[in-house]
Amino acid sequence: MDCDKCGDTAVSHAAYSGLHLCEEHLCASVEKRVRRRVREDNLLGRDATPEDPETWVIGLSGGKDSVVLTHILHETFAKDPRVELVALSIHEGIEGYRDESLDACRELTADRDLRHEVVSYDEEFDVRMDEVVEDDPKNMSACAYCGVFRRDVLSRYAADIGADKLLTGHNLDDEAETALMNFLEGDVRQIAQQFDASLGPFDGASSERTRGETEAFVPRAKPLRDVPEKEVALYARFEGLPAHITECPHAEEAYRGEIQQLLYDLEERHPGTRHSIMAGYEELAALAATEHRSEDPALDECEQCGSPTTGDRCRKCSLLDALEAV
Ligand code: SF4
């Protein structure tokens with residue numbers, strides 16, 4: 001099949017758009033969607049200047065999504081003095097897995113002369129995920145612990161260096177899965193909070209979102225969320241990016257796996273399902289956020305670590321206490 005743009009050999013067919021694209025036009029199309037999302041979300045505030053640039057922290061795991069996001073943002077903003085990019089990688093303490101992906105992160109950032117920081121659960125919390133899985137005091141999946149620790153490290157680090165935005169490499173499939181899971185769980189407040197935390201657009205004049213965001217959090221954004229996972233993987237391959245593709249040995253989100261399969265089947269039979277889920281979800285989430293914002297409980301400081309929380313202690317400290325008690 002030929003590329004619909006130039007007639008060269010097509011390497012991908014997107015059933016949702018009907019387009020066949022060659023290597024060059026597929027890569028251009030992925031970059032265009034990321035840049036459009038950056039623009040439409042008003043990611044770069046109008047008051048950012050070369051003298052007072054915005055700092056964006058990118059969560060860089062070394063997997064294809066965060067590697068592609070880092071590469072495209074660097075290509076876009078390397079010569080723009082209004083933005084400073086900082087890549088942040090986290091070592092969870094997973095033997096034989098994270099070391100390899102950190103090599104990919106180091107290669108990517110060194111080639112681009114990008115500031116790269118690495119923090120570990122071991123240094124931060126004195127825990128390693130391999131041991132957490134063994135002890136499992138809360139009878140939860142590894143990812144449930146790991147997600148709490150990762151969010152804490154990312155947020156705290158971003159706040160410590162005075163970052164304006166915290167960017168993560170969630171792709172369209174990730175986001176459609178999360179949207180469907182939130183919806184099926186029937187938790188409207190969670191949907192509202194997700195919109196406020198990472199989906200709503202910024203107001204364009206500053207690094208604030210249009211909503212009344214608490215100062216305790218560095219606002220998050222997901223500029224890769226319009227691009228399907230398969231196209232992210234193809235982009236990484238065609239651009240020769242050093243992405244690490246081995247799966248984490250503790251990955252076991254069973255419910256997400258079911259939703260993944262469901263979405264895959266729906267997309268096969270009804271191309272465009274992921275896009276329509278996200279279009280409707282973001283609109284509904286915006287309405288839910290407006291409705292629920294005034295009811296959100298006031299945030300306090302965790303009595304142990306000072307992180308923002310609605311109770312006496314944050315979730316991370318509760319988990320660390322449980323692990324210590326084993
Ligand atoms: Fe952590 Fe789960 Fe990701 Fe492994 S798959 S790094 S346990 S969140």
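**A word on a nonpolar patch on the surface**
Taken together, Phe183, Leu184 and Tyr255 make up a surface patch of nonpolar side chains, about 320 Å² in accessible area. Structurally, tyrosine 255 can be placed in helix H10 (residues 254-269). Taking relative accessible area as the criterion, tyrosine 255 reaches 33% and is therefore assigned partly exposed.

**A look at the site of the ligand**
In the vicinity of the ligand, the contacting residues are Glu92, Ile94, Cys143, Cys146, Arg150, Cys248, His250 and Ala251. When grouped by side-chain class, the residues that make up the shell around the ligand number 5 nonpolar, 1 polar and 2 charged.

**Re the nonpolar core**
Ranked by size, the top nonpolar core spans 38 residues in total, and within it Trp56, Val68 and Leu73 carry the most contacts. Broken down by element, this core gets its largest block of residues, 6 residues, from helix H2 (residues 64-77). Those residues in contact with leucine 73 that sit more than four places away from it in its chain are Val38, Trp56, Ile58, Ala78, Leu85 and Leu167. The next biggest cluster of nonpolar side chains, apart from the first, holds 29 residues, and it includes Val57, Val119, Ala142 and Leu320.

**Comments concerning the pairing of strand S4 (residues 83-91)**
Burial runs high along S4: 8 of the 9 residues are buried. Sheet topology places strand S3 (residues 54-59) next to S4; 6 bridges connect them, and they run parallel. Residue pairing for S4: threonine 55 is matched across the bridge by glutamate 84. With respect to chirality, the unit in which S3 leads through H2 into the neighbouring parallel S4 is right-handed.

**Quick notes on the sheet that holds strand S5 (residues 115-120)**
An order of S5-S4-S3-S6-S7 is seen for the 5 strands of this open sheet, with the pairing classed as parallel. The sheet terminates laterally at S5 and strand S7 (220-221), the two strands that pair on one side only. Most of the contacts of helix H3 (residues 98-112) go to S4, to which it runs at about 165 degrees, and overall it touches S4 and S5.

**A few points about the side chain of glutamine 194**
If you trace the backbone, glutamine 194 turns up in helix H8 (residues 188-199). Overall, glutamine 194 belongs to the buried group, its relative accessible area being 13%. In terms of polar contacts, glutamine 194 uses its side chain to reach the side chain of tyrosine 281, at 2.5 Å.

**Overview of a negative patch on the surface**
Taken together, the side chains of Asp2, Asp4, Asp8, Glu23, Glu24, Glu75 and Glu239 define an acidic patch exposed on the protein surface. Mapped onto the elements of the fold, aspartate 2 is located in the segment before strand S1 (12-14). Owing to a relative accessible area of 49%, aspartate 2 belongs among the partly exposed residues under this scheme.

**So, the side chain of lysine 64**
Looking at the element boundaries, lysine 64 is found in helix H2. Among the residues examined, lysine 64 registers a relative accessible area of 16% and is labelled buried. Polar contacts involving the side chain of lysine 64 include one to the side chain of glutamate 229, which spans 3.0 Å. Excluding its chain neighbours within four sequence positions, the residues that come into contact with lysine 64 are Glu229, Val232, Ala233, Ala236, Ala243 and His244.

**Describing helix H7 (residues 172-185)**
Between its first and last C-alpha atoms H7 spans 20 Å; for 14 residues at 1.5 Å apiece the expected length is 20 Å, and the two agree. Counting buried positions over the 14 residues of H7 gives 11, a clear majority of the element. Of all the residues in H7, the buried ones are Leu172, Asp173, Asp174, Glu175, Ala176, Glu177, Thr178, Ala179, Leu180, Met181 and Asn182. Packed against the buried residues of H7 are H2, H8, helix H9 (229-238), H10 and helix H11 (273-292). Positive phi appears at glycine 186, one or two residues downstream of H7, with a value of about 70 degrees.

Scoring rules and cut-offs
- Residues numbered from 1 in each chain as written.
- Predicted model: local features only at pLDDT ≥ 70, side-chain atom pairs only at ≥ 80, totals over all residues.
- Heavy atoms only, no water.
- Patch = residues over 30% accessible without salt bridge, like charges linked within 9 Å, V, L, I, M, F, W, Y side chains within 5 Å.
- Areas by Shrake-Rupley, 256 points an atom, 1.4 Å probe, with all protein chains shown as cover.
- Salt bridge = Lys/Arg side-chain N within 4 Å of Asp/Glu carboxyl O.
- Helix = DSSP H or I, 4+ residues; strand = E, 2+ residues; numbered from the N terminus.
- Buried < 20%, exposed > 50% of the residue type's maximum accessible area, 1.4 Å probe, protein only.
- Near = heavy atom within 4 Å.
- Nonpolar A, V, L, I, M, F, W, Y, C, P; charged D, E, K, R; others polar.
- Core = buried A, V, L, I, M, F, W, Y, C linked by side-chain atoms within 4.5 Å.
- Contact = heavy atoms within 4.5 Å.
- Pairing = 2+ DSSP bridges.
- Right-handed = clockwise from strand over helix to strand, strands pointing away.
- Axes fitted to C-alpha atoms, helices over the stretch in contact; angles between N-to-C directions.
- Polar contact = N/O pair within 3.5 Å; in protein donor to acceptor, adjacent residues only side chain to side chain.
- Lys, Arg positive; Asp, Glu negative; His and termini not counted.
- Charge placed at Lys NZ, Arg CZ, Asp CG, Glu CD.
- Expected span 1.5 Å × (residues − 1).

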